Amino acid sequence: MSRIITLLLFLLTSLGLRAEDGYRLWLRYDRLAGAPAVTTVVLATPGGADSPTLTAARQELQSGLGGLTGATPTITLQKTGGEIAAAGAEGYALRTAADGAVHISANSDTGVLYGAFALLRHLQTGRSLEKLDLTSAPRISRRILNHWDNLNGFIERGYAGFSLWQWFYLPGIRDPRYRDYARACASLGLNGAVLTNVNANALVLTPTYLAKVAALADEFRPYGIRVYLTARFSAPLEIGGLKTADPLDPAVAAWWKAKVDEIYRHVPDFGGFVVKANSEGQPGPQDYGRTHADGANMLADALAPHRGIVMWRAFVYAAENTVDRVKQAYNEFTPLDGKFRPNVVVQIKNGPLDFMPREPFSPLFGAMPKTPLAPELQLTQEYLGMSTQLAFLAPMWKEVLDADTWARREPVESAAGRGSTVARVADGSLRHQPLSVIAGVANTGTDRNWTGHPLAQANWYAFGRLAWDHTLSSEAIADEWTRMTFGHDAKLVQTITSLLLGSRETVVNYSMPLGLHHIMAEGHHYGPGPWATHQRADWSSIYYHQADAAGLGAARSAGGSNAIAQYAPELAALWGDPEKCPENLLLWFHHVAWDHPMKSGRPLWDELCLRYQQGVDEVRAMQRAWVSLAGQIDEPRFTEVQARLQRQADDAVIWRDACLLYFQTFSQRPLPAGVEPPAHDLDYYKAIKLRYAPGHPSDY
Ligand code: BDP
């Protein structure tokens, strides 16, 4: 029997009808009707000499153009006449010459590789090559995926299987998948991968593991990807035999210097370290009475001779600190502005709390003018339905990147700081900072389709595209990805792009609308838990929603924790006033009376109920939209998305019913007309225990 199946698979594969399992991501090079012929491609670099990177570019063009157009092109190498203006170190120029040959020119081999992928994207999205003449360069210099992967293969908050890095088999046995991972990253212009979890294990810095890290670096190098590691601050104690990890102790500094030199002997283009210090139980400089700057600078000095960098995370808060958790990172880091070495970047989560479905941007982006600041975004959907639910995150990231911090320019160019967006802080253009970084917590794993939910691939795609050019719109990114991944039929493109574009707001609506946050179930963070109390106040839902008989929402304006004061006065004036605060952040900043009149004219309670209902209705509409594509999408991907949308619809109902029944115990008001009555009582929802959720180590 199995022989027959193998034979059948062989026949199908040889006929080109491979089963659609999503493995190819957006790099699908099937024949595209109407694709223009490309007979000659000229690759031009300053040296004009071949290299592993140019070989990779050639291979991609051969298989890509060959597949899309049906004819394999002739590819030649050339020297560029001079520097390609506006392409920078990694950008490219694409041009069709009079003889029809396509020229990909760049100031580096990696630039040519990115240009090759851009040419393929151009064709895959159905664009014409006539009069093609474009130049593109990345706005941010280090575009990095952060893998929260543990050495045991388990991924913290990873919902698509286990780690792609097979530590046991490395360095000798190398999964061909490493190359496909690198191709996918390079196709977007991503140029870095942090291999290990922020909750770090010092073992990765030992010689045995460094040899394995070197093997991965070798696999990725042709694709322009540098590897980075997380540095456990207590490594000198754990693997170095020292008695302290005090950053001001010369023996500690010397240990790190020697360790860094050793890393560079293994990986000559090693990128640097990410450090989570003095946060959630991780060791750090404060264990020795030192500051984050002391710790970061000690590592930065070890890395500087090799041009490596430190990405020091600002995700810090402490249980014993009674200050509103969302204020703590700002309080700890702003006094350190100007105290970091030039090769230190402070890496800041998009919001001041923790990757919630909606948060305002972190006030730190507007408050450390002398320090390069890197946004940390989360592709893996820890609080947005993991990879079970659909949430396309480009709109959420754009919301943050385009947010105006109103930070004053240095030196002050105008009275107000209008135009000081998070994106301009991140790309260094606001203050002419040369080092710029953007980090995304990856959503990849060993699932055959890489991301679990077939449509979650779009988040990997969107992060890469925005890291390259944050001015791209979510619409443009969704359109590109859909065409490359599913095809060009007008109705199909329209249906899938609108599904994607609305999905994040839908998740907000059925889980944490109107600025609610951190009311998810404990531990695995999937599903509702507004009742959750923990011995740590700052891990309890009630700390955040503050529901009582009077109303709902976190009091963070002047009368409350005054977190609002961490923003520029223009924003504090707007957000600090419940009458002016946008309703999507209302309960983030204000404790609002149940009968507070909303813009719709309805009282808060009714509005809240109807938002939850709207979320449920929207998922049902998403299901209908998907089903309308039956027959236009291959069966495996169609069915898989359909099943996940059904689960999402069921889960949205649970979110709505659990939250409304719980908040009703405070509001004491009836559900307004239009809201479906819950099928169960509150105890039923409280008793739901999801065990062995992916991405979470415990059985709860
Ligand atoms: C939280 C996650 C936790 C991470 C932490 C971090 O729940 O697993 O270790 O963030 O970013 O969102 O350090």
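A brief report on the enclosed structure follows. (Residues numbered from 1 in each chain as written. Predicted model: local features only at pLDDT ≥ 70, side-chain atom pairs only at ≥ 80, totals over all residues. Heavy atoms only, no water.)

**Let's talk about the site of the ligand**
Step number 1: Not every one of the 14 residues close to the ligand is listed here, only the nearest: Glu-156, Lys-276, Arg-313, Asp-354 and Glu-382.
Step number 2: Within the contact set of the ligand, an oxygen atom lies 3.0 Å away from a side-chain nitrogen or oxygen of Arg-157.
Step number 3: Within the side chain of Lys-276, an N or O atom sits 2.6 Å from an oxygen atom of the ligand.
Step number 4: Coverage of the ligand by the protein amounts to 97% of the 320 Å² it exposes when considered alone.
Step number 5: Residues of the shell around the ligand, tallied by class, amount to four nonpolar, two polar and eight charged. (Near = heavy atom within 4 Å. Polar contact = N/O pair within 3.5 Å; in protein donor to acceptor, adjacent residues only side chain to side chain. Areas by Shrake-Rupley, 256 points an atom, 1.4 Å probe, with all protein chains shown as cover. Nonpolar A, V, L, I, M, F, W, Y, C, P; charged D, E, K, R; others polar.)

**Let's talk about the pattern of salt bridges**
In a structure, side chains of opposite charge can pair up when their charged atoms sit close to one another.
Step number 1: Tallying each qualifying case throughout the model produces 42 salt bridges.
Step number 2: Across the salt bridge formed by Asp-617 and Arg-620, the nearest N and O atoms sit 3.8 Å from each other. One end of the pair is Asp-617 and the other is Arg-620, both in helix H18 (residues 604-627) and three residues apart, which spans about a single turn.
Step number 3: With a relative accessible area of 28%, Arg-620 lands in the partly exposed category.
Step number 4: One salt-bridge network, held together by shared partners, links Asp-617, Arg-620, Arg-656, Asp-657 and Glu-676. (Salt bridge = Lys/Arg side-chain N within 4 Å of Asp/Glu carboxyl O. Helix = DSSP H or I, 4+ residues; strand = E, 2+ residues; numbered from the N terminus. Buried < 20%, exposed > 50% of the residue type's maximum accessible area, 1.4 Å probe, protein only.)

**Examining the nonpolar core**
Generally speaking, nonpolar side chains in soluble globular proteins are found buried as a group.
Step number 1: Grouped together as the largest cluster of nonpolar side chains are 214 residues, with contacts concentrated most on Phe-273, Trp-460, Trp-626 and Phe-663.
Step number 2: With 12 residues, helix H19 (residues 635-667) is the largest single contributor of residues to this core.
Step number 3: Not counting chain neighbours up to four residues away, the residues in contact with Phe-273 comprise Leu-205, Leu-229, Ala-231, Trp-256, Val-260, Ile-263, Leu-299, Leu-303, Ile-309, Val-310 and Met-311. (Core = buried A, V, L, I, M, F, W, Y, C linked by side-chain atoms within 4.5 Å. Contact = heavy atoms within 4.5 Å.)

**Focus: helix H8 (residues 292-303)**
Step number 1: The terminal C-alpha atoms of H8 lie 17 Å apart, and with 12 residues this matches the ideal 16 Å at 1.5 Å per residue to within 8%.
Step number 2: A large share of H8 lies buried, amounting to 10 of its 12 residues.
Step number 3: Taken together, the buried positions of H8 are occupied by His-292, Ala-293, Gly-295, Ala-296, Asn-297, Met-298, Leu-299, Ala-300, Ala-302 and Leu-303.
Step number 4: Packing partners of the buried residues in H8 comprise helix H7 (250-266), strand E9 (272-275), strand E10 (309-313), helix H9 (325-333) and strand E11 (344-349).
Step number 5: Between the side-chain oxygen of the N-cap and the backbone nitrogen of Ala-293 there are 3.2 Å, and the N-cap of H8 in question is Thr-291. (Expected span 1.5 Å × (residues − 1).)

**Side note on the sheet that holds strand E3 (residues 92-96)**
Step number 1: Spatial strand order, E2-E1-E4-E3-E5: five strands in an open sheet with mixed pairing. The sheet is open, and its two borders are formed by strand E2 (74-79) and strand E5 (133-136), each paired with just one other strand. Put simply, the sheet's adjacent strands are angled 15° from each other on average, direction ignored.
Step number 2: In terms of strand pairing, strand E1 (residues 40-45) meets strand E4 (residues 102-105) through four bridges, oriented parallel. Looking at E4, one finds that Val-41 is bridged to Val-102. (Pairing = 2+ DSSP bridges. Axes fitted to C-alpha atoms, helices over the stretch in contact; angles between N-to-C directions.)

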